[in-house]
Amino acid sequence: MFDSLSERLEGAFKTLTGDNKITEINVAQSIKEIRRALVAADVNYKIAKEFTDKVKEKALGTENVLKAVKPGQLMVKIVQDELTELMGGQSVGINVKGNPGVVLIAGLQGSGKTTFSGKLALHLKEKKKLKVLLTACDVYRPAAIDQLTVLSEQVGAGIYKEPENKNPVEIALNAIAHAQDNKYDVVIVDTAGRLSVDEKMMQEISEVREAISPNETLFVVDSMTGQDAVNTAKAFNDRINYDGVVLTKLDGDTRGGAALSVKYTVQKPIKFVSTGEKMNTLDVFHPDRMAQRILGMGDIISFVERAQDQFDEEEAKRLEKKIKKNKFDFNDFLGQLNQLRKMGDIKSLLNMIPGMKKMMKDIDIDNSAFSKVEAIIQSMTPQERAQPELMSMSRKKRIARGCGQSMDDVNRFIKQFDQMRKMMHKMSNNPAMAGMQGNFKPGRGKGRRR
Ligand SMILES: Nc1nc2c(ncn2[C@@H]2O[C@H](COP(=O)(O)OP(=O)(O)OP(=O)(O)O)[C@@H](O)[C@H]2O)c(=O)[nH]1
Ligand SMILES: [Mg+2]
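Residues numbered from 1 in each chain as written. Chains lettered and ligands numbered in written order. Predicted model: local features only at pLDDT ≥ 70, side-chain atom pairs only at ≥ 80, totals over all residues. Heavy atoms only, no water.

## What about the packing of helix 9 (residues 226-240) against helix 10 (residues 257-266)?
Where helix 9 meets helix 10, the axes come as close as 9 Å, and the angle between the chain directions of the two elements is 25°. It follows from the interaxial angle that helix 9 and helix 10 lie roughly parallel. Where helix 9 crosses over helix 10, the handedness of that crossing is right-handed. In contact with Gly226, Gln227, Ala229, Val230, Ala233, Lys234 and Asn237 of helix 9, helix 10 contributes Gly257, Ala258, Ser261, Val262, Thr265 and Val266. Classifying every residue of the contact of helix 9 with helix 10 gives six nonpolar, six polar and one charged. (Axes fitted to C-alpha atoms, helices over the stretch in contact; angles between N-to-C directions. Helix = DSSP H or I, 4+ residues; strand = E, 2+ residues; numbered from the N terminus. Parallel < 35°, antiparallel > 145°, perpendicular 65-115°, else oblique. Left-handed = near helix turned anticlockwise from the far one by under 90°. Contact = heavy atoms within 4.5 Å. Nonpolar A, V, L, I, M, F, W, Y, C, P; charged D, E, K, R; others polar.)

## Let's talk about the side chain of Lys119
Its place among the elements puts Lys119 in helix 5 (residues 113-128). As a buried residue without a salt bridge, Lys119 has its nearest oppositely charged side chain in Asp251, at a separation of 6.8 Å. A distance of 2.5 Å separates polar atoms of two side chains, one belonging to Lys119 and the other to Ser274. Not counting chain neighbours up to four residues away, the residues in contact with Lys119 comprise Ser274, Thr275, Gly276, Lys278, Met279, Thr281 and Leu282. (Buried < 20%, exposed > 50% of the residue type's maximum accessible area, 1.4 Å probe, protein only. Lys, Arg positive; Asp, Glu negative; His and termini not counted. Salt bridge = Lys/Arg side-chain N within 4 Å of Asp/Glu carboxyl O. Polar contact = N/O pair within 3.5 Å; in protein donor to acceptor, adjacent residues only side chain to side chain.)

## Details of helix 7 (residues 168-181)
Taking 1.5 Å of rise per residue, the 14 residues of helix 7 would be expected to cover 20 Å, and the 20 Å separating its terminal C-alpha atoms lies within 8% of that figure. Of the surrounding secondary structure, the elements contacted by the buried residues of helix 7 are strand 1 (101-107), strand 2 (132-137), strand 3 (158-160), strand 4 (186-191) and helix 8 (199-212). Between the side-chain oxygen of the N-cap and the backbone nitrogen of Val169 there are 3.0 Å, and the N-cap of helix 7 in question is Asn167. Positive backbone phi, at 60°, marks Lys183, one or two positions downstream of helix 7. (Expected span 1.5 Å × (residues − 1).)

## Topic: the site of ligand 1
What surrounds ligand 1 is a group of 19 residues, the closest being Lys113, Thr114, Thr115, Gln147 and Asp251. Side-chain polar atom of Gln147 to an oxygen atom of ligand 1: 2.9 Å apart, as the coordinates give it. One of the side-chain N or O atoms of Glu277 is found 3.0 Å from an oxygen atom in ligand 1. Out of a free accessible area of 650 Å², ligand 1 has 80% covered by protein chains. Per-element tally for the shell around ligand 1: the top contributor is helix 5, with four residues. The residue inventory of the shell around ligand 1, partitioned by class, reads one nonpolar, 11 polar and seven charged. (Near = heavy atom within 4 Å. Areas by Shrake-Rupley, 256 points an atom, 1.4 Å probe, with all protein chains shown as cover.)

## Looking at the pairing of strand 6 (residues 244-248)
Strand 6 sits mainly inside the fold: five of its five residues count as buried. Burial of the side chains of strand 6 extends over both faces: Gly244, Val246 and Thr248 are buried on one face and Val245 and Leu247 on the other. Summarising the sheet, strand 5 (residues 216-222) and strand 6 pair through five bridges and their orientation is parallel. The residue of strand 6 that forms the bridge with Phe219 is Val245. (Pairing = 2+ DSSP bridges.)

This is how it looks when you write it as structure tokens:
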């Protein structure tokens, strides 16, 4: 997710590494790079310009206050704050209170409406213990009804459909009556999409909206479509004044423009992001965590949350403690790998772990990518697994022989594990600083001063 944006921003901060104070001149170069990075990520020029103007003002303004902080670190912090702000600042939840609560789903064809409807049903059922009824209001494609029916079975939600009825307003109203009779807490209304914004679709969705007065109208948009996504978001908002945005397909090769500029453009919060085809790949959107991810700091909080869904709280707490004490060991790592396997969509999960993105960069990630690492760990003695700091050259040689991997592989893995462990430890004690000192460590830059 957002790989090239992350890399370019990192480059922008690097231009400041050799300097020990912020000046008009060195900031200008960095700012220019940041702007370029945003524009390359498909953020509209005007938004990018306004963004960097703010960053510049803050950077020059804080110069005297924060003498102790290196310019590169200061810049990262400012950009992190501004990115968070740009994406909405606070996370905004979904309101489904009602008798029943009603959520209307709108968006273009293929944006991921039906998939999201299923995911939201699962989310509400598991996180809020609600009884959910999915309603098929796509009256144009019979297959759409089947698709939603299959999803409803998968996630354990009810389904309401009228295959013969071609009137979405009637179907939606009947669904709500059915929900009241059958004690459903929430009705999710999945609607039809069109290839592009057109009058007929807008008319239909606004009629449904007026008839059922939903608690929430959510606009679903494919983040892969960049600026187009933002334009469509605007067209829909002008017409149906929705309550929130759902960004889908963030697991793909998306540049990030939609996530960064949709809030600014329509002034509606992004409420959820979707990162895969499986039903458990939905995340509540948190602007601050997304900013961290973009800056290559990972998103350990979301990761731990997902982990908590998978195994018990005790285990998550135990890990958190170990990370804090810098005692995260190879057994924990192996345990995590096994949990990940069960969760699917390994790649997007891995990106949440600080440092993991780099660690896995050259590895084609599928389940078999882990076998190498697992073989290495399995060749360690129990003592070595529990105390990574024991690792020595002779031990590594023995491990390499034992698992049939090359010495290089073993060395690399252990080094990366070490880095990851350090970074997780720092993150757990001070998230902002860890990111700065970790990924954006002033390194090869000339004239590095302490
Ligand atoms: N990789 C990925 N694929 C997704 C995601 N969300 C949906 N898809 C896929 O995108 C395709 C379209 O998804 P649908 O949910 O059918 O989209 P829709 O908006 O309901 O489409 P129409 O009903 O035809 O308008 C399907 O193949 C989904 O599996 C996502 O977050 N990530
Ligand atoms: Mg659909």
